[in-house]
Amino acid sequence: MNYTVKTFIASGGERFSQLYEADASGFPLFYPTAYIARSIRPSTTHETQKVHLAAIKRVCEWESSRKIDLAINFHIRRFLSAAEIDDLTSYLRASKARGKGNVISNLKYNTYLAYASGYIRWLAQEVITDYNTHDVRDAVEEQNSMLLGKKRRKTGSKAAREQRIVALKLPTETRNRLLDLFDRPFESLLQARNSGGRLRNVLMLRILYETGMRFGELLSLKLKHFIEADGGDGAYLDIERNHHDEFDTRLNQPVAKTLGRRVPISESLEQQLMEYRDNWRAEILNVGFSEEDFIFVVHRGGRTQGQALPKSAFSTGLTYLKQVFKALMLIHPHLLRHDWNYRFSQLADREGIPFEEERTLREQLMGWVPGSTMSWRYNSRHIEEKSLEIGRKVASDTARILK
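Keep in mind the model is a prediction, meaning the values are calculated, not measured.

Visitor: Please clarify how the sheet that holds strand β3 (residues 226–227) should be interpreted in this entry.
Guide: Adjacent strands of a sheet form backbone hydrogen bonds with each other and so pair up, either parallel or antiparallel. With antiparallel pairing, the 3 strands of this open sheet are ordered in space as β3-β4-β5. Unpaired on one side and paired on the other, β3 and β5 (261–264) mark the two borders of the sheet. Where β3 and strand β4 (residues 236–239) come together, 2 bridges link them in antiparallel fashion. In the sheet register, F226 faces β4, and the bridge partner there is L237.

Visitor: When you look at the packing of helix α8 (residues 172–183) against helix α9 (residues 195–211) in this model, what are you seeing that I'm missing?
Guide: The angle between the axes and the distance between the axes are what describe a pair of packed helices. Between α8 and α9, the least distance of the axes is 10 Å, while the angle of their chain directions is 125 degrees. Judged by the angle between their axes, α8 and α9 are oblique. Relative to α9, α8 is oriented so that their crossing is left-handed. Across the interface between the two elements, R175, L178, L179, L181 and F182 of α8 pack against R198, V202, L205, R206 and Y209 of α9. When its residues are assigned to classes, the contact of α8 with α9 shows 7 nonpolar, no polar and 3 charged.

Visitor: How should the pairing of strand β1 (residues 3–9) be read in this particular structure?
Guide: Each regular strand carries side chains that alternate between the two faces of the sheet. Two elements, β1 and strand β2 (residues 15–21), share 7 bridges in a ladder whose sense is antiparallel. Within β2, the residue paired with V5 across the bridge is L19. If you look at the hairpin formed by β1 and β2, you'll find 5 residues sitting between the two strands, and G13 has a positive phi there, around 100 degrees.

Visitor: Is there a simple way to explain the pairing of β4 in this structure?
Guide: Of the two faces of β4, the one carrying Y236 and D238 and the one carrying L237 and I239 are both buried. Taken together, the 4 bridges between β4 and β5 define a ladder with antiparallel strand orientation. Each bridged residue has a counterpart across the sheet, and for Y236 the counterpart in β5 is P264.

Visitor: Could you clarify how one ought to interpret the packing of aromatic side chains in this entry?
Guide: Aromatic rings in a pair are described by how distant their centres are and how their planes are angled relative to each other. In total, this model carries 12 aromatic pairs according to the counting rule given. Measuring from centroid to centroid gives 6.3 Å for F8 and Y20, while their planes differ by 55 degrees, and the two rings are tilted. Of this pair, F8 sits in strand β1 while Y20 is found in strand β2, placing the two residues 12 residues apart along the sequence. Ring-pair connections join several aromatic residues into one group, and the members of that group are F8, F16 and Y20. Above the ring of Y20, the side-chain terminus of K6 is found at 4.6 Å from the ring centroid. Positioned above the aromatic ring of Y209 is the side chain of R343, whose terminal nitrogen or guanidinium carbon lies 3.7 Å from the ring centre.

Visitor: Mind showing me how you'd approach the pattern of salt bridges here?
Guide: Proximity of charged atoms lets side chains of opposite charge pair with each other. If you walk through the whole model with that rule in mind, you get 25 salt bridges. The salt bridge involving R66 is made with D87; its shortest N-O contact spans 2.7 Å. Here D87 lies in helix α4 (residues 82–93) and R66 lies in helix α2 (residues 46–66), a separation of 21 residues in the sequence. Residue classification places R66 among the partly exposed positions, given a relative accessible area of 35%. A salt bridge links E187 to R184, with the shortest nitrogen-to-oxygen separation between them at 3.5 Å. Looking at E187, the relative accessible area reads 22%, which means it is partly exposed. By relative accessible area, which is 42% here, R184 ends up partly exposed. Here the salt bridges share partners, and the residues they tie into one network are K222, K224, E240 and E292.

Visitor: Hey, could you run me through the side chain of R206 in this one?
Guide: By secondary structure assignment, the location of R206 is in helix α9. Those residues within four positions of R206 in sequence are excluded, and the remaining contacts are F182, S266, S268, L269 and Q272.

Visitor: Which parts of the structure should I look at to understand unusual backbone geometry?
Guide: Comment: phi is negative for the bulk of residues other than glycine, and the bulk of peptide bonds are trans. One non-glycine residue, K67, adopts positive backbone phi at about 55 degrees. Relative to the elements of secondary structure, K67 occurs in the loop between α2 and α3 (70–75). A positive phi is found at N286, a non-glycine position, where the angle reads about 70 degrees. For N286, the location among the structural elements is in the loop between α11 (267–280) and α12 (311–324).

Visitor: Is there a simple way to explain α8 in this structure?
Guide: Look at α8: 17 Å from first C-alpha to last across 12 residues, which is about the 16 Å you get at 1.5 Å a residue. All of the buried residues in α8 are T174, R175, R177, L178, L181 and F182. Within α8, the buried residues cover an arc of 165 degrees as seen down the axis, which keeps them to one side. Facing away from the buried side of α8 by over 90 degrees, the exposed positions are T172, E173 and D183.

How each quantity is defined
- Residues numbered from 1 in each chain as written.
- Predicted model: local features only at pLDDT ≥ 70, side-chain atom pairs only at ≥ 80, totals over all residues.
- Heavy atoms only, no water.
- Pairing = 2+ DSSP bridges.
- Helix = DSSP H or I, 4+ residues; strand = E, 2+ residues; numbered from the N terminus.
- Axes fitted to C-alpha atoms, helices over the stretch in contact; angles between N-to-C directions.
- Parallel < 35°, antiparallel > 145°, perpendicular 65-115°, else oblique.
- Left-handed = near helix turned anticlockwise from the far one by under 90°.
- Contact = heavy atoms within 4.5 Å.
- Nonpolar A, V, L, I, M, F, W, Y, C, P; charged D, E, K, R; others polar.
- Buried < 20%, exposed > 50% of the residue type's maximum accessible area, 1.4 Å probe, protein only.
- Phe/Tyr/Trp six-rings, centres within 6.5 Å; stacked < 30°, edge-to-face > 60°.
- Lys NZ or Arg CZ within 6 Å of the ring centre and 35° of its normal.
- Salt bridge = Lys/Arg side-chain N within 4 Å of Asp/Glu carboxyl O.
- Expected span 1.5 Å × (residues − 1).
- Arc of directions from axis to C-beta.

And the structure:
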């Protein structure tokens, strides 16, 4: 049997998802819906809820393919055998997008396993009427331990992986090509009717480059969030926590994962944003002009024209830019966030900003809580680079002394 996850928007703007039989109309699956509503939804974001449902969907598929009904089995105190646990975890690990024999990453598999085991443990507690007896409770916990015991070790150390992540930055050729595109956004544009969409896409890349904000934060920017320069104050963008935004009609709502904050932008970017807003966006059919309307919208004709830009549309636009400008092939939104932190560290060096102040400023501009581990990681990389530079100077001095 096939299953599908459907997403809805509540009247207050909250996004929620439910699991259905793909070929049947009517109500969502009872136990997965009850589990998400009572145990997961109150304390997690919608994106996390969808990952839980993706794991539970695989459990349901496994049940159907093996002709097993876990709810009935648990009700009669029949728990998963060692062989069934092996089979279920193999099913959780199998890749759906590739050919037979391929598997998902260990990180993704471990997440699915943790979420699936949480649901299975809850299901057993839900359907067994005398769960509080010692023997039943022990059996459920033993089953849960056996499932979690199937976690796979991640390759390499956590510290090494984190070090690789924070060391990411743009190659010089890519950076130069990107900066040229910021200055000449219509370069190599073949059809004039695509000018508005091209300027929009280049502007979005420039905002990511200049501010280091997350992709979801970029897509959530509204007209009220663009504050023009006034007197001696430069222009800036406001980033707000926006979960369950009732004005956002996108089912898969982009959200700000970090804290709300104010980020400055360059005078040149301010001018381009005003040009886009006043001369290109304003001409789009059905576009809104209230402060709650989004800055970046769909340009192409159709029923969604003028509405908030979905993630997929920007991804398509970025893919086209990569085809035209080969030097941009490595670019993705989060790489620009890493590159911003690299450039921030360099600037902190040039300005002689003390370590603690550098960390505090980075946390504010990135939207991290005080004492954030990510801030410490970037600063640690910075310290390591400086120590290597000083160490080379010491080594060179020693070499001269020995001559």
